[in-house]
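# Commentary on secondary and tertiary structure
What follows is each chain in one-letter form.
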Amino acid sequence: MKQNLLKELQLIVGKENVLSSREDLVCYSYDAAPLLVHSLPYGVVLPSSTEEVVNLLRLAKASGIKVVPRGAGTNLSGGTIPIKGGIIIQLTRMSHILEIDSDNLTATVEPGVITSTLQSAVEQVGLFYPPDPASANVSTLGGNVAECAGGLRGLKYGTTKDYVIGLETVLPSGEVMVTGGKTIKNRAGYDLTKLMVGSEGTLGIFTKITLRLLPLPETKRTLLIMYPNFQYAAESVSDIIAHRILPATLEFLDGVTINCVEAYTHIGLPQNAQAILLIEVDGSSWDTEWEAKKVAEICSRHQPLEAKLALTPSESTSLTLARRSALASLARVRPTTILEDVTVPPSKLMEIMSKINQIAKTHNIQVGIFGHAGDGNLHPTFLTDGRDEEEMKRVEAAITEVFEVTLKLGGTISGEHGIGLTKARFLPSQVKPSGLKVMKAIKEGFDPQNILNPGKIFTEYSP
Ligand SMILES: Cc1cc2nc3c(=O)[nH]c(=O)nc-3n(C[C@H](O)[C@H](O)[C@H](O)COP(=O)(O)OP(=O)(O)OC[C@H]3O[C@@H](n4cnc5c(N)ncnc54)[C@H](O)[C@@H]3O)c2cc1C
């Protein structure tokens, strides 16, 4: 069966675009999620066109073989692990920017385009694609759309869902569905484009994506403010918002993360800092100068240890390094890094921070917390060792408690990383039976044979 299948796959995409050696399959058995479960696919196929994706899904439908779409594999929820075997459709060969339409402020791309490649390409013609996941240098736009990626500019500019206005999607039946287009307004029936954003590869495979662009802000200013405790940082965040200033970026690192970043990058962060805010304001030169000064003045009222203002683009890049290297720095500490993604209303930031630290202390687990202070999206990062069963039980208990507290505060168990495998068993506690029933009906409507990315989002499987 396997040999026949491989031959049929080769007929569709060419022999050189089907991987089936054990070494290759192992590389596709996991993704960036720190799961202790890996699973081999039967094969990996790399199509180069919509037509090839159509033929692959027709074959999957006829043979009942499962299919997992994959971009760069950087998702943090186990979304590309082929837990039911089947084939991986790797979309990185479909990596062309098809059009940058300056008249209509849109870009149309294939799904395998790297996020930062599009960002740079549109900036060259004075345009701006705001979604900015910290993984932008490696993640693909197809993966961003399927996860509804957020990132560092969410407070002012929103997330991927705010920019996707048109999609070409190959459905599990092999049919091609085109939704939306280049128009900003579109009210023709249910908004299927928005439904597909965040569908985590369970409803269809994107083969073309049309994104809304903005004019590139004339300039930006970057500030890094260091505090002796988290409370002063949280007060600064509230004060900035209370002054009706919406920075493009308003990120934070806690004391544990600061120590790890300094140990890794040696960029000179003060040893006694227990919180750092990375703030970026952008817009016209005049507005930006005014906002940067105002933000610095507001932060100075909350007893910072030190404030740095970048004067050049390269200084700005070095200040943002502290935030961009947070996850990598924490990941060096222990063998298994479990990054969470809870989000609360921004006014509850201080409360959730102290609750998470309390929970970690109770269960005797090391945790570093960083995230997007402006939009209430935190990444508590548990530093653990997956080989230690007893410790993993404590981690599991701590994460469950963190989700419970988050929901009590009116938050969500995922702000941007999705449900995938890791959070499938927690989804019912947030969306309740009525929500779950509608979600499952949508999945069944699109994919009655459960071909696409089975076991994700819903608890058919719990790692
Ligand atoms: C260091 C690091 C930093 C990160 N920072 C952020 C951050 O700031 N914000 C954030 O939101 N996320 C972040 N992430 C998570 C991750 O980068 C994002 O989820 C990203 O969108 C995944 O893109 P990808 O190309 O790697 O997709 P993959 O991991 O390959 O796939 C993700 C999901 O999309 C599906 N998929 C992929 N391509 C398609 C397609 N063409 N059609 C349909 N479904 C498809 C897959 O089946 C899977 O369910 C980070 C990850 C890392 C490792």
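Residue numbers restart at each chain and count upward from 1, following the sequence in its written direction. With the structure being a predicted model, the display of local features is reserved for residues of pLDDT at least 70 and the display and counting of side-chain atom pairs for 80 or more, all residues being used for whole-chain, interface and lining totals. Working from all heavy atoms in the structure, the side-chain values ignore hydrogens and water.

We now examine the side chain of threonine 384. For threonine 384, the location among the structural elements is in strand E18 (residues 377-384). Each residue touching threonine 384, except ones within four places of it in the same chain, is listed here: Arg334, Pro335, Thr336, Ile338, Ile365, Glu391, Met392 and Val395. Put simply, DSSP marks the helices as runs of H or I at least four residues long and the strands as runs of E at least two long, and each gets a number from the N terminus on. Two residues qualify as a contact provided that any one of their heavy atoms is within 4.5 Å of a heavy atom in the partner residue.

Partly exposed describes any residue whose relative accessible area lies between the buried limit of under 20% and the exposed limit of over 50%, with all areas from a 1.4 Å probe on protein chains only and scaled to the type maximum. Within helix H4 (residues 115-123), the full set of buried residues consists of Thr115, Ser116, Leu118, Gln119 and Val122. Summarising the axial view, the buried residues of H4 lie within an arc of 155°, below the 170-degree limit, and thus occupy one face. Where the residues of H4 are buried, they touch strand E5 (97-101), strand E6 (106-109), strand E7 (127-128), helix H5 (141-147) and strand E10 (205-212). This arc is built from the directions going out from the helix axis to the C-beta atoms.

We now examine the site of the ligand. To be near a molecule or strand, a residue needs just one of its heavy atoms within 4 Å of it. For the ligand, the set of nearby residues contains 34 residues, the closest of which are Pro69, Gly71, Thr74, Ser135 and Thr140. Any pair of nitrogen or oxygen atoms within 3.5 Å is treated as a polar contact; in protein, a donor-acceptor pairing is required on top of that, and neighbouring residues in sequence qualify only through side-chain atoms on both sides. In this structure, an oxygen atom belonging to the ligand sits 2.9 Å away from a main-chain N or O atom of alanine 72. In the model, an oxygen atom of the ligand is placed 3.3 Å from a nitrogen or oxygen of the glycine 143 main chain. Throughout, the Shrake-Rupley method with a 1.4 Å probe supplies accessible areas, and for residues the shown protein chains are the sole cover considered. Protein contacts shield 93% of the accessible area of the ligand, which totals 980 Å² for the unbound molecule. Elements represented by at least two residues in the shell around the ligand include exactly strand E3 (67-70), H5 and E10. It is H5 that contributes the most residues to the shell around the ligand, five residues altogether. By convention here, the domain bounds are inherited from an automatic or database domain assignment. Here the shell around the ligand gathers at least three residues from each of two domains, domain 1 (2-92) and domain 2 (97-215).

With that settled, consider the pairing of strand E17 (residues 366-372). Among the seven residues in E17, six count as buried, and that is most of the element. In this analysis, strands are considered paired if DSSP registers two or more bridges between them. Between the end of E17 and the start of E18, which pair antiparallel, lie four residues, with glycine 376 showing a positive phi angle near 70°.

Here we come to the domain arrangement of the protein chain. When its domains are assigned, the protein chain resolves into domain 1 (2-92), domain 2 (97-215) and domain 3 (219-328). Each of domain 1 and domain 3 was reduced to a C-alpha centroid, and the two centroids are 42 Å apart.

Before going further, it helps to examine the pattern of salt bridges. Any Lys or Arg side-chain nitrogen found within 4 Å of a carboxyl oxygen on Asp or Glu counts as a salt bridge. All told, the structure shown has 18 salt bridges when counted by the stated rule. For glutamate 168, the salt bridge is made with lysine 208, and the minimal N-O distance between the two is 3.6 Å. Of this pair, glutamate 168 sits in strand E8 (residues 164-170) while lysine 208 sits in strand E10, and the two are 40 residues apart along the sequence. Put simply, arginine 394 and glutamate 390 hold a salt bridge, and the shortest N to O gap is 2.9 Å. Of the two residues, arginine 394 and glutamate 390 both sit in helix H14 (residues 389-408), four residues apart, roughly one turn of that helix. Three or more residues are tied together by salt bridges with common partners; here these are Asp239, Lys294, Glu297 and Arg301.

Grouped together as the largest cluster of nonpolar side chains are 51 residues, with contacts concentrated most on Ile240, Phe252, Ile279, Val295, Leu378 and Phe382. Looking at this core, the element that brings in the most residues is H14, giving seven residues. Residues in contact with isoleucine 279, not counting those within four places in the same chain, are Arg221, Thr222, Leu223, Ile225, Ile240, Pro247, Thr249, Leu250, Val295 and Cys299. Think of a nonpolar core as a cluster: buried Ala, Val, Leu, Ile, Met, Phe, Trp, Tyr and Cys residues, connected wherever their side-chain atoms sit within 4.5 Å. In terms of nonpolar packing, the next biggest core, distinct from the first, is built from 28 residues, Ala146, Tyr157, Leu203 and Phe446 among them.

Summarising the element assignment, proline 313 is placed in helix H11 (residues 313-324). Under the relative-accessibility criterion, proline 313 is labelled exposed at 69%. For the pair formed by proline 313 and arginine 221, sequence separation is 92 residues and the distance between their alpha carbons is 8.7 Å.

The axes are straight lines fitted to the C-alpha atoms, using for helices just the contacting stretch, and the angles between their N-to-C directions are given from 0 to 180°. Axis separation between helix H13 (residues 349-362) and H14 bottoms out at 10 Å; the angle between their running directions is 160°. In terms of axis orientation, H13 runs roughly antiparallel to H14. Our pair here, H13 against H14, has a crossing hand that is right-handed. Between H13 and H14, the contacting residues are Ile352, Lys355, Ile356 and Ile359 on the first element and Ala398, Glu401, Val402, Val405 and Thr406 on the second. Tallied by class, residues from the contact of H13 with H14 come to six nonpolar, one polar and two charged. In this scheme, roughly parallel covers angles under 35 degrees and roughly antiparallel covers those over 145, while 65 to 115 is roughly perpendicular and the rest are oblique. By convention, the crossing between two helices is left-handed when the near helix turns anticlockwise from the far helix through less than a right angle, and right-handed when the turn is clockwise. All residues other than Ala, Val, Leu, Ile, Met, Phe, Trp, Tyr, Cys, Pro, Asp, Glu, Lys and Arg, Gly among them, are scored as polar; the first ten of these are nonpolar and the last four charged.

This part takes up the sheet that holds strand E2 (residues 43-45). Taking strand neighbours across the sheet as the criterion, the four strands line up as E1-E2-E4-E3 in an open arrangement whose pairing is mixed. Two strands close off the open sheet at either side, each with one partner strand: strand E1 (18-19) and E3. Two elements, E1 and E2, share two bridges in a ladder whose sense is antiparallel. Across the sheet, leucine 19 pairs through a bridge with valine 44, a residue of E2.

The next subject is a nonpolar patch on the surface. There is a patch of nonpolar side chains on the surface, built from Val26, Tyr30 and Leu40 and spanning about 220 Å² of accessible area. By the element assignment, valine 26 lies in helix H2 (residues 22-27). To count toward a patch, a residue needs a relative accessible area over 30% and no salt bridge; like charges are then connected within 9 Å, while nonpolar side chains (Val, Leu, Ile, Met, Phe, Trp, Tyr) are connected within 5 Å.

Further remarks concern helix H10 (residues 285-300). Helices are assigned an expected span. That span is 1.5 Å times one less than the residue count. Over its 16 residues, H10 extends 22 Å from the first C-alpha to the last, a length consistent with the 22 Å expected when each residue adds 1.5 Å. Residues Thr288, Glu291, Ala292, Lys294, Val295, Ile298 and Cys299 constitute the buried set of H10. Where the residues of H10 are buried, they touch strand E12 (219-227), helix H8 (230-242) and strand E14 (275-283).

This part takes up the sheet that holds E12. Ordered by their spatial adjacency, seven strands build an open sheet running E15-E12-E14-E13-E17-E18-E16, and the pairing between neighbours is antiparallel. Edge positions in the sheet fall to strand E15 (306-309) and strand E16 (336-339), since each has one partner strand and no second. Taken pair by pair, the neighbouring strands of this sheet meet at an average axis angle of 15°, ignoring direction. As paired elements, E17 and E18 share seven bridges and run antiparallel to each other. Bridge pairing in E18 places glutamine 366 opposite leucine 383.

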